[in-house]
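Chain by chain, the residues:
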Amino acid sequence: MTSNTEAPAAEPTPEQLLQMAAELAALRSRIEAAYGAAPRSATQMRLSAASECLSDARRELTAAADDLRRVAAVPADACNWPWGVCPEHGDTLTASGGKTWCRVRNCRHKWEYDYMDTPCPEPTAYTISDDAGSEPKRVCYGHALAARRIPGIAYDPPLPAGAVESANLLENLMKLVEGR
Ligand SMILES: [Zn+2]
Ligand SMILES: [Zn+2]
């Protein structure tokens, strides 16, 4: 019997998740063998539905293993901000259907997964601090650019001349195009 006060279980490894996925695949094969190629009866329809559920569950486990591998691959000295931004344009990403892309026209940055749900793997380039006394943070160029809206933000070294202006211009243009 588990209780709410118990510490959460340790995070599984990608290998454990893939092992579970393989077990689901084996179970799915057994269920499919039980109803044949063309389900007709109500029972066969239910078995077919159960098989589909297992297929979905297997896909989720595999995707979760991929997520863990990606997070583990982020170097400890990388930016490591809890979510990704465009390395060139900053806060300009959209994620949908398991893909992420930059909304800036002709930007080459896109990912085949939810990059906005992954710690930032970019190298650090700036130390940012605010006037509220928060701990200074080492961040990449994209996150430095995205942080420009924080009141009292300071950069070491300063952002390149024109970077903030062009980012603001870009943002206004995108708002115009998106009708925001
Ligand atoms: Zn971009
Ligand atoms: Zn970053």
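Everything numeric here is computed off the predicted structure, so don't read it as measured data.

Here is what the cut-offs are and how they apply
Residues numbered from 1 in each chain as written. Chains lettered and ligands numbered in written order. Predicted model: local features only at pLDDT ≥ 70, side-chain atom pairs only at ≥ 80, totals over all residues. Heavy atoms only, no water. Helix = DSSP H or I, 4+ residues; strand = E, 2+ residues; numbered from the N terminus. Rg over C-alpha atoms; globule rule 2.2 N^0.38 Å. Contact = heavy atoms within 4.5 Å. Areas by Shrake-Rupley, 256 points an atom, 1.4 Å probe, with all protein chains shown as cover. Lys, Arg positive; Asp, Glu negative; His and termini not counted. Charge placed at Lys NZ, Arg CZ, Asp CG, Glu CD. Donors = N, O, S within 2.8 Å, 3.2 Å for Na, K, Ca; no water. Buried < 20%, exposed > 50% of the residue type's maximum accessible area, 1.4 Å probe, protein only. Patch = residues over 30% accessible without salt bridge, like charges linked within 9 Å, V, L, I, M, F, W, Y side chains within 5 Å. Salt bridge = Lys/Arg side-chain N within 4 Å of Asp/Glu carboxyl O. Pairing = 2+ DSSP bridges. Axes fitted to C-alpha atoms, helices over the stretch in contact; angles between N-to-C directions. Core = buried A, V, L, I, M, F, W, Y, C linked by side-chain atoms within 4.5 Å.

(A) A look at the overall build of the protein chain. The secondary structure content of the protein chain amounts to four helices and six strands. Element order for the protein chain, N to C, with α for helix and β for strand: α-α-β-β-β-β-β-α-β-α. Compactness check: the protein chain gives a C-alpha radius of gyration of 23 Å against a globular reference of 16 Å for 180 residues, more than 25% above the reference. Across its three principal axes, the protein chain shows a C-alpha extent of roughly 70 × 45 × 25 Å. The contacts of the protein chain with a sequence gap of at least 6 include a subset with a gap of at least 24, amounting to 48%. Accessible surface computed for the protein chain: about 11900 Å², of which carbon and sulfur atoms make up 55%. Computing the positive centroid from 19 side-chain charges and the negative centroid from 24, the protein chain places the two 8 Å apart.

(B) Examining the coordination of the zinc ion (ligand 2) more closely. Protein coordination at the zinc ion (ligand 2) comes from Cys79 (SG), Cys120 (SG), Cys140 (SG) and His143 (ND1), with a distance range of 2.1 to 2.4 Å. Look at where the donors of the zinc ion (ligand 2) fall in the sequence and you get C-x40-C-x19-C-x2-H. Residue cysteine 140 shares its accessibility class with histidine 143, and that shared class is buried.

(C) Local environment of a nonpolar patch on the surface. A cluster of nonpolar side chains, namely Leu169, Leu173, Leu176 and Val177, defines an oily patch on the protein surface of about 460 Å² accessible area. Position of leucine 176 relative to the elements: it lies in helix α4 (residues 163-178).

(D) Here's a closer look at the sheet that holds strand β6 (residues 154-156). Pairing is antiparallel in the open sheet, where three strands are placed in the order β5-β4-β6. Bordering the open sheet on either side are β5 (137-139) and β6, each of which pairs with just one other strand. Direction aside, neighbouring strands of the sheet carry axes that sit 35 degrees apart on average. Bridge count between strand β4 (residues 126-129) and β6: three bridges; the pairing is antiparallel. Paired with serine 129 across the strands is alanine 154, a residue of β6.

(E) The nonpolar core, seen in detail. Ile128, Val139, Ala144, Tyr155 and Leu159 are the most contacted members of the largest nonpolar core, which has 14 residues in total. Listed by contribution, the elements that provide at least two residues to this core are β4, α3 (141-146) and α4. When residues no more than four places from it in sequence are discounted, the contact partners of isoleucine 128 are Trp81, Pro136, Lys137, Val139, Ala147, Ile153, Ala154 and Tyr155.

(F) Representation of the pattern of salt bridges within the structure. The tally for this structure, following the rule as stated, stands at ten salt bridges. Between arginine 28 and glutamate 52 there is a salt bridge, with its nearest N and O atoms 3.5 Å apart. Residue arginine 28 is found in helix α1 (residues 14-35), and its partner glutamate 52 is found in helix α2 (residues 42-73); the two are separated by 24 residues along the sequence. The class of arginine 28 is partly exposed, set by a relative accessible area of 22%. Salt-bridge contacts for arginine 149 lead to glutamate 171; the nearest nitrogen and oxygen are separated by 2.2 Å. Linking arginine 149 in the loop between α3 and β6 with glutamate 171 in helix α4, this pair joins segments that are 22 residues apart in sequence. Classification of arginine 149 by relative accessible area gives partly exposed; the value is 42%. Here the salt bridges do not stand alone but share partners, grouping Asp91, Arg148, Arg149 and Glu171 into one network.

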